Amino acid sequence: WVYPWLSAFLVAKPNLGLPMYLARPSRASTTICTLALVLPTLIAPWWVSGWLHNVQIDMGRTTPHPAPVTMFSGAGALCLVALWKWRRPEARLLAFLAFVPQLPYWADQLPLMLIPRGRREMQMLMLATVVGFLAWSEFGRSDPNGDVIDSIRPYSIAFTYAPALLLVLRRKNVGVLPAWLERRVSMLPAAIRGTAA
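Reading guide: rules and limits
Residues numbered from 1 in each chain as written. Predicted model: local features only at pLDDT ≥ 70, side-chain atom pairs only at ≥ 80, totals over all residues. Heavy atoms only, no water. Helix = DSSP H or I, 4+ residues; strand = E, 2+ residues; numbered from the N terminus. Expected span 1.5 Å × (residues − 1). Bend = angle between axes of the 7 residues up to and from the residue. Phe/Tyr/Trp six-rings, centres within 6.5 Å; stacked < 30°, edge-to-face > 60°. Buried < 20%, exposed > 50% of the residue type's maximum accessible area, 1.4 Å probe, protein only. Patch = residues over 30% accessible without salt bridge, like charges linked within 9 Å, V, L, I, M, F, W, Y side chains within 5 Å. Areas by Shrake-Rupley, 256 points an atom, 1.4 Å probe, with all protein chains shown as cover. Salt bridge = Lys/Arg side-chain N within 4 Å of Asp/Glu carboxyl O. Axes fitted to C-alpha atoms, helices over the stretch in contact; angles between N-to-C directions. Parallel < 35°, antiparallel > 145°, perpendicular 65-115°, else oblique. Left-handed = near helix turned anticlockwise from the far one by under 90°. Contact = heavy atoms within 4.5 Å. Nonpolar A, V, L, I, M, F, W, Y, C, P; charged D, E, K, R; others polar. 1 Å grid on protein atoms, 1.4 Å probe; cavity = no way out; pocket = protein on both sides within 12 Å on 5 of 7 lines; lining within 4 Å. Points joined across faces, edges and corners; volume = space filled by probe spheres on them.

Participant: Help me understand helix α6 (residues 148-169), please; the structure alone is not making it clear to me.
Facilitator: Structurally, the α-helix is built with 3.6 residues per turn, so residues lying three or four positions apart point the same way. A rise of 1.5 Å per residue sets the reference length of α6, with its 22 residues, at 32 Å; its end C-alpha atoms lie 31 Å apart and thus fit the reference within 8%. Considering bend angle alone, the principal kink of α6 is centred on Ser156 and spans about 30 degrees.

What follows is the structure, encoded as structure tokens:
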């Protein structure tokens, strides 16, 4: 996300790396990610089917790796409100992360920590995350026979995605776009188009 020359690590966990790449693509990261995907695939082409199988297996759960947009009868789709600030990479990151399969153990939500700007926002998001974990530890694990993943989902969304969304929505829809895309969006209404940085 920050250093394109480290982009090879984005492919180590594709469900999280893809949203990070799509939110802030660059030529350098495209080249590095392509090489990091092609070379191992040439050596061990079966890794792709193995990874897809891993994401889809049931493991005794209703949805082993749910995407946040599918949670709570679709209420998780509120994460897509971030696209109102679509020019901002952090808004795109939040929206794209909401679409990928993930476990709600707060580790897969770590890329949301790229959203805060400055110490105060980082402290706020970290505090919300810790409060969510403590609330889940106290109230969410009451059923010893229940599925841990099912019990943790509402806390993970409410205390990671929701505060991150609030941070994004406080910002102006300002950001640099490639010239070809800037020409295409110039015909949109100003409220949707935003402004170039």
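Participant: Help me understand the packing of aromatic side chains in this model?
Facilitator: Aromatic ring pairs are reported here in terms of the distance separating the ring centres and the angle at which the planes meet. Per the counting criterion, the structure on display carries four aromatic pairs. When the ring of Trp106 is compared with that of Phe133, the centres are 5.7 Å apart and the planes differ by 80 degrees; the resulting orientation is edge-to-face. Taken together, the residues Trp106 in the loop between α4 (89-97) and α5 (118-140) and Phe133 in helix α5 connect sequence positions 27 residues apart. Looking at Trp106, the relative accessible area reads 12%, which means it is buried. Centre to centre, the rings of Phe133 and Trp136 are 5.9 Å apart; their planes meet at 45 degrees, and the pair counts as tilted. Here Trp136 and Phe133 lie together in helix α5, a separation of three residues that amounts to about one turn.

Participant: Sorry if this is basic, but what is going on with a nonpolar patch on the surface here?
Facilitator: A surface patch of nonpolar side chains, amounting to about 600 Å² of accessible area, comprises Leu35, Leu37, Val38, Leu39, Leu42 and Ile43. Within the secondary structure, Leu37 sits in helix α2 (residues 27-43). Judged by relative accessible area, Leu37 falls into the partly exposed class, the value being 34%.

Participant: I tried to follow the packing of α4 against α6 on my own but got confused; where do I start?
Facilitator: A pair of packed helices can be characterised by two numbers: the angle between their axes and the separation between those axes. Closest axis-to-axis distance for the α4/α6 pair is 10 Å, and the angle between their directions is 150 degrees. Regarding the angle of α4 to α6, the classification is roughly antiparallel. Between α4 and α6 lies a crossing of left-handed hand. Residues Glu90, Ala91, Leu94 and Leu97 of α4 form the contact with α6, whose participating residues are Tyr161, Ala164, Leu165 and Val168. The residue inventory of the contact of α4 with α6, partitioned by class, reads seven nonpolar, no polar and one charged.

Participant: Before we go on, may I ask you to explain the layout of surface pockets in this structure?
Facilitator: Over the atoms, a rolling probe the size of a water molecule traces out where space has been left empty. Roughly 340 Å³ of volume is contained in the largest pocket. Pro25, Arg92, Val176, Leu177 and Pro178 are the residues nearest the centre of the largest pocket, which is lined by 15 residues in total. At the level of elements, α1 (14-23), α4 and α7 (179-185) are the ones that each hand at least two residues to the lining of the largest pocket. Top element by residues in the lining of the largest pocket is α4. It accounts for three residues. The class makeup of the residues in the lining of the largest pocket is eleven nonpolar, one polar and three charged.

Participant: Hey, could you run me through the pattern of salt bridges in this one?
Facilitator: Side-chain pairs of opposite charge can arise whenever the charged atoms involved come near each other. This structure, assessed with the given rule, holds six salt bridges. The closest approach of N and O atoms between Asp108 and Lys13, which form a salt bridge, is 3.0 Å. Separated by 95 residues along the polypeptide, Asp108 in the loop between α4 and α5 and Lys13 in the segment before α1 bring together distant segments of the chain. Classification of Asp108 by relative accessible area gives buried; the value is 7%. Residue classification places Lys13 among the partly exposed residues on the basis of a relative accessible area of 39%. Of the charged contacts in the structure, one is a salt bridge between Arg87 and Glu182, with a shortest N-O distance of 2.4 Å. Here Arg87, found in the loop between α3 (47-56) and α4, pairs with Glu182, found in helix α7; they are 95 residues apart in sequence, far enough to count as distant.

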